[in-house]
Structure formats: structure tokens, C-alpha cells
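Tertiary structure, described
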Amino acid sequence: FQNVYLRWSTRFNARSASLVLADSEATRNDLLSCFGISDDRVVVVHPGRDEALEPLRDQQSLEAVYDRYGLSEPYFLYIGTLHPRKNLVRLVDAFAELAARLQELPSSAGGGEVGAGAAPELVLAGAKGWLYKEIFDRVRRLGLEDRVRFTGYVPDADLPALLSGATAFVFPSLYEGFGFPVLEAMACGTPVLCSNVSSLPEVAGDAALQVDPRDTEGWVVAMHRVLTDEGLRATLVERGLKQVRKFSWQRCASQVLEVLEQVGRGLG
């Protein structure tokens, strides 16, 4: 019922509104194609970001969060609700394949400081959503209980340390209207790997490794690259810190005000 109501109410509101604000070009395109709205009635205004988020380098603070969640470096990090749209079963499959390949390498191989002699973990942080059990079942079936960590919901206070300590943030989502977690990771100086669909290329720009969300091998390769290539990680961090500066609530508010004034002039 909720899905039916959501579709109906979205269609009604989109067609009756004087102007519609969309949080990304991807969302705008979806509104145009799904509801038949004229393109001059949908305006894109990107949201801002949490400007309090920044890289955390204090080792004591990092270790306190590691101890709280039972983590150790290096680790790949996902943050978000656990449900099918986030594509986490495929991420677990890719991580399992990556772990198997790293195990086959001699200890001196693997390239880069992180990859050599250190077995990575995968940290899935977030509350359980609908149909989450398949994710846990896949971890058990692959024998990864000691390598994949489920933290549950993480309070905002722990996010800077959790993000800053990650080797990379991985976000294989099948669809996002915007993608706040990508900006949050970049703001904390964390390299980002994300899907190349919906709004994510728009948000990430050239500051992330972008992968087809349905390409398991592509995720294996991308995770291996960022794990073993220190230069790549440094480049992604630098680009990410630059990319997040494009998103601010001040700019968002200014653009929303401009749209409201435009609507007001039309009504007058």
C-alpha cells in the first residue's frame, strides 16, 4: 500500500506543482520520463553537505572507535541501510573474490603498503532494512564471518573516525537520488569507490573510481587497485576534498530562494 500511495502522491504533486525541485539531474530525468512533466518545470538544486565533517587523524580517537566496533586496519567501509537496492550481496561476493586472490599472493606481493601482509576487512555499517537476511546468509555461506563486520546503526559522532580510518569507502548502490554518503566519505579524506549509475557520477565527479554496480569483477579490480596503490589513494583523497567544496547548504538555500521568488513572480 505504501508503495502505491507513494507513486500516486508523487505523480499528483509533480503534475500539479508550479515548479518541482530535484536534488540531482538524475532525479530530474526520472521525473520527466516517469511522470511526463515538461522540462521547464523541474529545477535541479543540489543539497549541501555536513561541513563539520573533516579528516580525523588523531590516532587515539581512531583506535577508540576501532575498539568500539571490533575493527582493525585495513578495511573497506560501506555506510547505509542494509537492503537490496544497496547491492551489498554483490559487494560481499566481490570482497570474497578479492580476499581469495590476495591469499594466493606471496607475502611480498600485492603491491603498496596496505596490500602487503595485511588482510583487509569489509565493514558494513547501518541499520537493517527490508530483505537484509540475504546479506548475512551470503557472508555465512562464503565463510567470511571473521572478515565482514556488521556494526549496526552508527551514531553521527563515530562517523568521522570510521570514515577517516577506512582504506576506501565502497558504495555499490543500484540507485541513488543523490548520494550523501559519497560526499561524507570525501569530506573525511577517504578514497571513494561508487557505482556509475543514477546520481552518483554527478555527485562524485572525477573524485571516485566508478564501477558498473552489476559488474562483480569490476568491483574486485577496483578494490584491489585502491588497496595496493598508494598514489591512487592520494589522488582520490585530493580530488575528493576538492569535490565536496562544490556542495554547500548556503548555495542550496540561495538557489531555492531564487526558485521561490520565480514562482512568486509568476503567481503575482
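The shown structure was predicted, so the numbers you read here are calculated from the model rather than taken from an experiment.

So, how was this worked out
- Residues numbered from 1 in each chain as written.
- Predicted model: local features only at pLDDT ≥ 70, side-chain atom pairs only at ≥ 80, totals over all residues.
- Heavy atoms only, no water.
- Pairing = 2+ DSSP bridges.
- Helix = DSSP H or I, 4+ residues; strand = E, 2+ residues; numbered from the N terminus.
- Right-handed = clockwise from strand over helix to strand, strands pointing away.
- Axes fitted to C-alpha atoms, helices over the stretch in contact; angles between N-to-C directions.
- Parallel < 35°, antiparallel > 145°, perpendicular 65-115°, else oblique.
- Contact = heavy atoms within 4.5 Å.
- Nonpolar A, V, L, I, M, F, W, Y, C, P; charged D, E, K, R; others polar.
- Expected span 1.5 Å × (residues − 1).
- Buried < 20%, exposed > 50% of the residue type's maximum accessible area, 1.4 Å probe, protein only.
- Phe/Tyr/Trp six-rings, centres within 6.5 Å; stacked < 30°, edge-to-face > 60°.
- Core = buried A, V, L, I, M, F, W, Y, C linked by side-chain atoms within 4.5 Å.

**Comments concerning the pairing of strand β5 (residues 148-152)**
Note that strand β4 (residues 121-125) and β5 share 4 bridges and pair parallel. Across the sheet, the residue bridging to Leu-124 is Phe-150, located in β5. Handedness of the crossover joining β4 and β5 through helix α6 (residues 133-141): right-handed.

**A short note on the packing of helix α10 (residues 216-228) against helix α11 (residues 230-243)**
Their axes nearest at 5 Å, the elements α10 and α11 cross at an angle of 95 degrees. Comparing the axis directions of α10 and α11 gives the class roughly perpendicular. Contacts from Arg-225, Val-226, Leu-227 and Thr-228 in α10 reach Glu-230, Leu-232, Arg-233 and Leu-236 in α11. Split into classes, the residues belonging to the contact of α10 with α11 amount to 4 nonpolar, 1 polar and 3 charged.

**Quick look at α10**
Over its 13 residues, α10 runs 19 Å from end to end, which matches the ideal 18 Å to within 8%, given 1.5 Å per residue. For α10, the set of buried residues is Gly-218, Trp-219, Val-220, Ala-222, Met-223, Val-226, Leu-227 and Thr-228.

**Description of the environment of Val-220**
Tracing the backbone shows Val-220 in helix α10. Residue classification places Val-220 among the buried positions, given a relative accessible area of 2%.

**Quick notes on helix α4 (residues 88-104)**
With 17 residues, α4 should reach 24 Å at 1.5 Å per residue; the first-to-last C-alpha distance of 24 Å fits that figure. Along α4, the residues that are buried comprise Leu-88, Val-89, Leu-91, Val-92, Ala-94, Phe-95, Ala-96, Leu-98, Ala-99 and Leu-102.

**Thoughts on the packing of aromatic side chains**
Any pair of aromatic rings gets described here by the distance separating the centres and the angle formed by the planes. In total, this model carries 9 aromatic pairs according to the counting rule given. Ring centres 6.2 Å apart and planes at 35 degrees place the aromatic pair Tyr-5 and Trp-8 in the tilted group. Residue Tyr-5 and its partner Trp-8 are both found in helix α1 (residues 2-16); the two are separated by 3 residues, about one turn of the helix. Look at Tyr-5 and you get partly exposed, because its relative accessible area is 48%. Under the relative-accessibility criterion, Trp-8 is labelled exposed at 52%.

**Observations regarding the nonpolar core**
Counting residues in each nonpolar core, the largest one holds 67 residues, and the members touching the most others are Phe-76, Leu-77 and Leu-124. Ranked by residues supplied to this core, first place goes to α4 with 9 residues. If you look at the next biggest cluster of nonpolar residues, it comprises 8 residues, including Ala-14, Val-20, Ala-22 and Leu-31.

**A word on the environment of Leu-209**
By secondary structure assignment, the location of Leu-209 is in strand β8 (residues 208-211). By relative accessible area, which is 14% here, Leu-209 ends up buried. Between the C-alpha atoms of Leu-209 and Leu-232, which are 23 residues apart in sequence, the distance is 9.7 Å. In this view, Leu-209 contacts Val-192, Leu-193, Cys-194, Ala-222, Arg-225, Leu-232 and Leu-236; residues no more than four positions away in its chain are not counted.

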